[in-house]
Amino acid sequence: MLTPPALPTPLTPIVDPRLAAVGVELRLKRDDLVHPLLPGNKWRKLLPNLEAAVAADSRGLLTYGGAYSTHVRAVAAAAKALGLAAVGVVRGEELAGAERNWSLAAAEADGMVLEFVPRSAYRALVAGGGQARDGYWVLPEGGSNALAVHGAAAVAAELDDLGGRDVVCCPVGTGGTLAGIAAGLPAGARALGVAVLKGGAGYLEGEVAALHRAACGREFDNWRLHHGHHFGGYGRVPAELEAFAVDFEQRHGVPVERRYVAKTLRAVHDLALAGEFAPGTRVTAVVTGLPDGLAARGISRS
């Protein structure tokens with residue numbers, strides 16, 4: 001069985017003279033501390049899907065992802081805890097005979113069967129919503145579906161003091177976390193998603209709107225996506241971003257995941273200093289996951 005989550009996750013205020021000088025307040029929603037096996041948005045998005053899979057008497061979970069997919073690793077851990085089988089369809093047939101990286105090795109250690117497919121075939125599978133398999137609950141790439149939107153909406157519900165001066169910010173890969181946060185916000189508060197993918201403008205907006213329609217039966221106008229801080233694309237961590245993350249960790253004592261969270265925090269700083277946030281704005285940045293080193297050991301750190 002899965003151990004209970006640590007809810008609500010803490011709020012950590014960040015004291016930054018540069019932000020204070022432009023009238024912007026920053027705090028972190030520490031969802032990286034929510035669960036030792038399924039940290040961050042993986043817990044939020046997976047929980048309602050896991051409940052549905054168990055209710056449907058599924059014998060296993062089937063999902064999709066890349067070679068370092070946190071989602072694939074989380075599905076493997078969840079399946080093991082629930083006594084379910086797990087299959088991970090991984091992008092890149094050339095990886096089948098290669099030595100496993102730490103992320104795929106962790107998934108296999110938890111009992112997941114990995115199936116490696118050519119990149120073109122993978123794209124077709126993902127675009128089609130995955131492929132049904134008898135007895136398996138199918139989870140899309142990144143875990144973003146209508147159930148996941150409802151799970152992610154709980155982030156906003158835990159922020160019970162939100163109002164017109166608030167912006168809740170999160171990284172965006174497949175759109176489920178942003179969709180959930182926006183759907184759960186009270187009137188006046190806004191959501192900002194920082195895209196970590198290069199070339200996702202328009203496409204990601206469409207994905208978030210589609211998730212809203214599927215989960216809530218309507219669209220929302222209280223969110224937007226920022227596409228200027230992908231730093232070259234998914235998984236890219238240039239020296240400039242690494243230096244920012246190291247500096248943030250040293251000044252504030254918070255571990256920073258590089259592929260998603262660092263880009264979000266850097267975007268918040270740059271947008272604030274560029275005057276994109278009105279003076280008096282309070283930004284709550286959602287820390288959606290652990291740095292690779294901590295994730296590899298399956299631990300959280302305050």
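Preceding this section is the structure that the text describes.
This structure is a prediction, so every number in the text was calculated from the model and none was measured. Each chain carries its own residue numbering, running from 1 in the direction its sequence is written. Note on the predicted model: pLDDT of at least 70 is required for a residue's local features to be given, and 80 or more for side-chain atom pairs to be given and counted; whole-chain, interface and lining totals, by contrast, use all residues. Calculation of side-chain values draws on the structure's entire complement of heavy atoms; hydrogens and water are dropped beforehand.

Novice: Can you walk me through helix α2 (residues 41–55) in this structure?
Specialist: Residues spaced three or four apart along an α-helix point in a common direction, a consequence of the helix completing one turn every 3.6 residues. We count a stretch as a helix when DSSP gives it H or I for four or more residues in a row; a strand needs E for two or more, and each element gets its number in order from the N terminus. Expected helix span is computed as 1.5 Å times (number of residues minus one). In this model, α2 (15 residues) spans 22 Å end to end at C-alpha, consistent with the 21 Å of a helix rising 1.5 Å per residue. The bend at a residue is defined as the angle formed between two axes, one fitted to the seven residues ending at that residue and one fitted to the seven starting there. Considering bend angle alone, the principal kink of α2 is centred on Leu 47 and spans about 35°; proline Pro 48 follows within four residues of it. Residue exposure (1.4 Å probe, protein chains only): buried if accessible area is under 20% of the type maximum, exposed if over 50%, otherwise partly exposed. Most of α2 is tucked away, with 11 of its 15 residues classed as buried. Along α2, the residues classified as buried are Asn 41, Lys 42, Trp 43, Arg 44, Lys 45, Leu 46, Pro 48, Asn 49, Leu 50, Ala 52 and Ala 53.

Novice: Explain the sheet that holds strand β9 (residues 223–226) to me, please; I cannot follow it from the model alone.
Specialist: The pairing of strands in a sheet comes from backbone hydrogen bonds and takes either a parallel or an antiparallel form. Two strands are said to pair when DSSP picks up at least two bridges between them. Spatially, six strands are ordered β1-β2-β10-β7-β8-β9 in an open sheet, and the strand pairing comes out mixed. At either end of the open sheet lies a strand with only one pairing partner, and these are β1 (11–14) and β9. Across the sheet, the mean angle from the axis of one strand to that of its neighbour is 25°, orientation sign disregarded. Inspection of the sheet shows strand β7 (residues 166–172) paired to strand β8 (residues 190–195) by six bridges, in the parallel sense. Paired with Pro 171 across the strands is Val 194, a residue of β8. The strands that helix α8 (residues 203–216) touches are β7, β8 and β9; relative to β9, the one it contacts most, it runs at about 150°. Geometry is summarised by axes, namely lines fitted to C-alpha atoms with helices restricted to the contacting stretch, and by angles between N-to-C directions that run from 0 to 180 degrees. Residue contacts are defined here by distance: any two heavy atoms, one from each residue, within 4.5 Å place the two residues in contact.

Novice: I'm lost on the packing of aromatic side chains in this one. Help?
Specialist: Each aromatic ring pair is summarised here by two numbers: the centre-to-centre distance and the angle between the ring planes. Planes of paired rings set the category: under 30 degrees apart is stacked, over 60 is edge-to-face and the rest tilted, where pairs are Phe, Tyr or Trp rings (Trp by its six-membered ring) whose centres lie within 6.5 Å. Evaluated as defined, the whole model comprises three aromatic pairs. When the ring of Tyr 234 is compared with that of Tyr 260, the centres are 5.8 Å apart and the planes differ by 70°; the resulting orientation is edge-to-face. Placement of the pair is Tyr 234 in the loop between β9 and α9 (239–252) and Tyr 260 in helix α10 (residues 258–273), with a sequence separation of 26 residues. Note on Tyr 234: relative accessible area 36%, which makes it partly exposed. Residue Tyr 260 is classed as partly exposed on the basis of its relative accessible area of 21%. Just above the ring of Phe 220 sits the side chain of Arg 218; from NZ or CZ to the centre is 3.8 Å. In our convention, an over-ring charge means Lys NZ or Arg CZ found within 6 Å of a ring centre and within 35 degrees of that ring's normal. One residue, Arg 259, lies across the ring of Tyr 68, its end atom 5.6 Å from the ring centre.

Novice: I'm lost on the packing of helix α7 (residues 176–184) against α8 in this one. Help?
Specialist: Each pair of packed helices can be described by the angle between their axes along with the distance between the axes. For the pair α7 and α8, the least separation of the axes is 9 Å and the interaxial angle reads 55°. One element, α7, and the other, α8, form an angle in the oblique class. Crossing handedness for the pair α7 and α8: right-handed. Note on element contacts: α8 touches α7 through Val 208, Leu 211, His 212 and Cys 216, opposite Gly 176, Leu 178, Ala 179, Ala 182 and Ala 183. The nonpolar class holds Ala, Val, Leu, Ile, Met, Phe, Trp, Tyr, Cys and Pro. Asp, Glu, Lys and Arg form the charged class, and all remaining residues, Gly among them, are polar. Grouping the constituent residues of the contact of α7 with α8 by class yields seven nonpolar, two polar and no charged. Any angle that is under 35 degrees is reported as roughly parallel, and any over 145 degrees as roughly antiparallel; angles of 65 to 115 degrees are reported as roughly perpendicular and all others as oblique. In a left-handed crossing the near helix is turned counterclockwise from the far helix by less than a right angle, and in a right-handed crossing that turn is clockwise.

Novice: Please clarify how the pattern of salt bridges should be interpreted in this entry.
Specialist: Pairing between side chains of opposite charge can happen when the charged atoms of each approach one another. The salt bridge definition used is simple: a Lys or Arg side-chain nitrogen within 4 Å of an Asp or Glu carboxyl oxygen. Throughout the structure, instances matching the rule amount to 21 salt bridges. Two residues, Arg 213 and Glu 219, come together in a salt bridge whose shortest N-O distance is 2.5 Å. According to the relative accessible area criterion, Glu 219 is partly exposed, its value standing at 44%. The closest approach of N and O atoms between Arg 258 and Glu 249, which form a salt bridge, is 3.0 Å. What makes Arg 258 buried here is its relative accessible area of 18%. Among the residues examined, Glu 249 registers a relative accessible area of 23% and is labelled partly exposed. Residues joined by salt bridges that share partners form a network here, namely Asp 16, Arg 18, Asp 247 and Arg 251.

Novice: Teacher, can you tell me more about the environment of Val 268 here?
Specialist: Examined against the element boundaries, Val 268 turns out to sit in helix α10. By relative accessible area, Val 268 is classed as buried at 0%. When the C-alpha positions of Val 268 and Thr 284 are compared, they lie 9.7 Å apart, and in sequence the two are 16 residues distant. Not counting residues within four places of it along the chain, the set of residues in contact with Val 268 comprises Leu 26, Cys 169, Phe 277 and Val 283.

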